[in-house]
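These are the residues of each chain, in order.
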Amino acid sequence: RRLQQHIIPSIFNMPNAGVVIVGLSIGHTAEPVPSVLLGGRLYTKRKEYRYCDFGGMVNAGETPHIGAFREFAEELFGMDSGTAASVSEKLCAAIVPEKLIGGRLWVHKKTNYVMLLVNADDVVQVLGLMDREDRTKSGIDVLFSLAIRNDELTSIALVGIEDLLRNATVTDEIHNVLGMRKLDHVDDDAHDQESSTQSACDQVLRLRPVMTGPGGSLSTVRAALEEFIESFANLARADQDDPIAVGPAVKHRCKSEVGQVALAFKDAPSSLERQFAKKYVFDMETGDPDDVLTLLLLAAHPLVDLRAVTITPGTAEQVALVRWILQRLGLAETVKLGAQSWPRHQNDEGGNISKARFYRNFGRQYCVTDGTSNLPVCQRADRVLVESCDEQTTLVTGAPLHNLHDVVRNFPEFRLGRWVAQGGFAGEGVVAREKQMDKFKGHQTFRTWNFGGNIPAAEAALASDLILKKICVSKNVCHGAVYDDDWHAALRRAADQADMDSKALHCASARRVGLRMMYNAMDDFLRHRPGGKKLHDPLALAVALDESVCELVEVKLFCQKGKWGSRLCPGSGTWISTAHNAQQFQRVLLEGPCTEGRQVDISTSGARQRRWKNRNKQSQEVVDT
């Protein structure tokens, strides 16, 4: 279902589909190599083998991704159609859109062929094929060794991706083959495994014509394959001690540092999946409508695993508002809910909810505490934060830092991988004069709401070594991010597309519900305030999803007489924004997994599948706001 949410309706009509298996081979060369697995067939009349990916015709009633995985199982493992269909369903359920190379499906228009680029490590993990004690093989090496002869497959080959792409537009020959197994003689006692696995130095591999040339299928996926190569190059250059850059600690020994990282991925998420942001926590208020807009974008975004929402100050009506939104998006049972020093402020007035017209677009859901409700009971925010955050979590804050201060002060075991705050100020001496907005020109310091709302809390959080990376999306940039008629039109297009996708799939997705809810609320907002709305917190979220949305410099923040400023300070571990890309800002928030650009590198969790299952189940019953 999650794959289907990202397939445009026209793709459903494609008659052909296949799988390209890639991975990091560690068993055939002295150094690990990003590789692709190719299946070969002997053409008896021409007396030659030709190689390609695994695919064929999509059967009646199948979607392209189901058909692609079925063809893969039939060809590589020699399975009958019934068994292959069962394997296909299992792979489709587990290999979600983020795990596809490039985050989407590819279409070779010349042959109407849908292509799924899949990491071999994901396949062996789903099917339980990896031997944990065998540290000489990666996922793609395992699949290479398990190929079974059948009518569609008589040879299997492993080729470096760089070698595959180098001459694919001008020739169909590859001379540097990592490994090749001729399967024709596997039943012959005179041909054992060693003789059927042939040396790379005496082999020439020929590709099928459909893959080569300027219009070949390899040209369609070239950019994604090159990005896959680059992801491993980045890992090789990464600091092994930085959990945000490298991920889980590497315990295995291998032929190189890159090989160590590759082996660590066998017990961790796939390397490509780790390019996408996963675990998020949002700390918010309701004094400004853009906090609710940020919550809607977070909850509806397909690349976000929202773990918790904490609220300042945490009145009963604020909590009921957030709970209502989470319920409508199918997240009420999976997202923890916290409020500042709960229930101290439960009966307070405030939060700007009762009087502001914007909040009339949303309902309230007060929690029943008699044991008959599955809705989340509100807890103390600091306790929710310590339970929900770890070194692979991003915390986005759009409120004064009362809750973050409480957890840093009260829980020494608290750890946070990345904190993206809407707050702070960068001015003279940090931002070039030509990039300064008129209202900020010449200023080194300025009053800011979130950091100024609790100055000791902001200073403590910025100084805390419990937070590995700190990014401030500052006032000097946020005031240039405005929700106007153009933004409204772009949101409408995204909401309409989500509607079309949901109708094609006969279900109401959380993305559709969230975007439509946001559009309706802002449509009413603009009718009464046509000047638009500054998007402080949504810009911080966009930077959390893709740090290249803003230009960032490393600084040290300071506060003088209640005003915040910053000074350039390389090596501080704290970054602040000096400018933003307006088009990329909008694209990152509205286009989801098809967004281009640099993504953050944080590990994921298996809870995403449970979250999406609950989300789609509950969203079925939701009507438009």
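Residues numbered from 1 in each chain as written. Predicted model: local features only at pLDDT ≥ 70, side-chain atom pairs only at ≥ 80, totals over all residues. Heavy atoms only, no water.

**Notes on the state of the cysteines**
What the rule picks out here adds up to 0 disulfides. Between Cys 478, a free cysteine, and Cys 550, which holds the nearest cysteine sulfur, the sulfur-to-sulfur gap is 7.3 Å. (Disulfide = S-S within 2.5 Å.)

**Digging into unusual backbone geometry**
Leaving glycine aside, a negative phi is the common case for residues, and trans is the common case for peptide bonds. Residues Thr 312 and Pro 313 are joined by a peptide bond in cis, for which omega reads -5°. Positionally, Pro 313 belongs in the loop between β13 (305-311) and α11 (316-328). At the junction of Trp 342 and Pro 343, the peptide bond is cis and its omega measures out at 5° in the coordinates. Inspection of the secondary structure puts Pro 343 in the loop between β14 (336-339) and β15 (379-380). Unlike most non-glycine residues, Asn 112 shows phi in positive territory, near 50°. (Helix = DSSP H or I, 4+ residues; strand = E, 2+ residues; numbered from the N terminus.)

**Some points on the nonpolar core**
Within soluble globular proteins, side chains that are nonpolar generally end up buried alongside one another. Membership of the largest hydrophobic core comes to 70 residues, with the highest contact counts inside it found for Leu 306 and Phe 362. The element contributing the most residues to this core is helix α18 (residues 510-528), with 10 residues. Look past the residues within four positions of Phe 362 in its chain and what remains in contact with it is Val 292, Leu 296, Leu 321, Trp 324, Ile 325, Met 517 and Ala 521. With 39 residues, the next largest nonpolar core counts Met 14, Leu 76, Phe 144 and Leu 183 among its residues. (Core = buried A, V, L, I, M, F, W, Y, C linked by side-chain atoms within 4.5 Å. Buried < 20%, exposed > 50% of the residue type's maximum accessible area, 1.4 Å probe, protein only. Contact = heavy atoms within 4.5 Å.)

**Focus on the pairing of β13**
Of all 7 residues making up β13, 6 are buried, and the element is well covered by its neighbours. Both strand β12 (residues 279-284) and β13 contribute to a ladder of 6 bridges, which runs parallel. Residue Met 284 lies in a different strand from β13, and its bridge partner there is Ile 311. Each parallel crossover has a hand, and for β12 linked through helix α10 (residues 290-300) to β13 it is right-handed. As judged from the 4 bridges shared by β13 and β14, these two strands associate in the parallel manner. Of the residues in β14, the one forming a bridge with Ile 311 is Ala 339. Considered for its hand, the β-α-β crossover made up of β13, α11 and β14 is right-handed. (Pairing = 2+ DSSP bridges. Right-handed = clockwise from strand over helix to strand, strands pointing away.)

**Brief notes about the confidence of the model for the chain**
Per-residue pLDDT for the chain has a mean of 80; in total, 78% of the residues score no lower than 70. Taken together, the stretch residues 186-202 has pLDDT below 50 and engages in 14 contacts with residues farther than four places along the chain or on a different chain. Across residues 239-277, confidence stays below pLDDT 50; counting only partners more than four residues off in sequence or on other chains, it has 103 contacts. (pLDDT = per-residue confidence, 0-100.)

**Digging into the environment of Thr 578**
Within the secondary structure, Thr 578 is located in strand β24 (residues 574-580). According to the relative accessible area criterion, Thr 578 is buried, its value standing at 8%. Sequence-wise, Thr 578 and Ala 432 are 146 residues apart; in three dimensions their C-alpha atoms are separated by 8.3 Å. Look past the residues within four positions of Thr 578 in its chain and what remains in contact with it is Val 430, Val 431, Lys 435, Asn 476, Val 477, Glu 551 and Val 553.

**Quick look at the packing of aromatic side chains**
Under the counting rule described, the total for this entry stands at 14 aromatic pairs. A ring pair is formed by Phe 358 and Tyr 359, whose centres lie 5.2 Å apart and whose planes are at 85°; its orientation type is edge-to-face. Given the relative accessible area of 5%, Phe 358 is considered buried. For Tyr 359, a relative accessible area of 1% translates into the label buried. The ring of Tyr 43 has Arg 41 sitting right over it, with the charged end atom 5.9 Å from the ring centre. For the cation-ring pair, Arg 567 lies above Phe 558, with the distance from its terminal atom to the ring centre recorded as 3.9 Å. (Phe/Tyr/Trp six-rings, centres within 6.5 Å; stacked < 30°, edge-to-face > 60°. Lys NZ or Arg CZ within 6 Å of the ring centre and 35° of its normal.)

**Here we look at the packing of helix α1 (residues 64-77) against helix α2 (residues 81-94)**
One can describe the packing of α1 onto α2 by two numbers: an axis separation of 8 Å at closest approach and a directional angle of 125°. Accordingly, the angle class assigned to the pair α1 and α2 is oblique. The element α1 and its partner α2 pack so that their crossing is right-handed. Seen from α1, the contacting residues are His 65, Ile 66, Phe 69, Arg 70, Phe 72, Ala 73 and Glu 74; seen from α2, they are Ser 81, Ala 84, Ala 85, Val 87, Ser 88, Leu 91 and Cys 92. In the contact of α1 with α2, the residues fall into 9 nonpolar, 3 polar and 2 charged. (Axes fitted to C-alpha atoms, helices over the stretch in contact; angles between N-to-C directions. Parallel < 35°, antiparallel > 145°, perpendicular 65-115°, else oblique. Left-handed = near helix turned anticlockwise from the far one by under 90°. Nonpolar A, V, L, I, M, F, W, Y, C, P; charged D, E, K, R; others polar.)

**Quick notes on the sheet that holds strand β16 (residues 393-397)**
Judged by pairing direction, the sheet is mixed, and its 11 strands sit side by side in the order β15-β14-β13-β12-β16-β17-β19-β24-β22-β23-β18 without closing on themselves. Among the strands making up the open sheet, the edge pair consists of β15 and β18 (445-446). Across 4 bridges, the pairing between β16 and strand β17 (residues 416-422) is parallel. Bridge assignment links Thr 397 to a residue of β17, and that residue is Ala 421. Contacting β12 and β13, α10 crosses the sheet at an angle of about 165° to β12.

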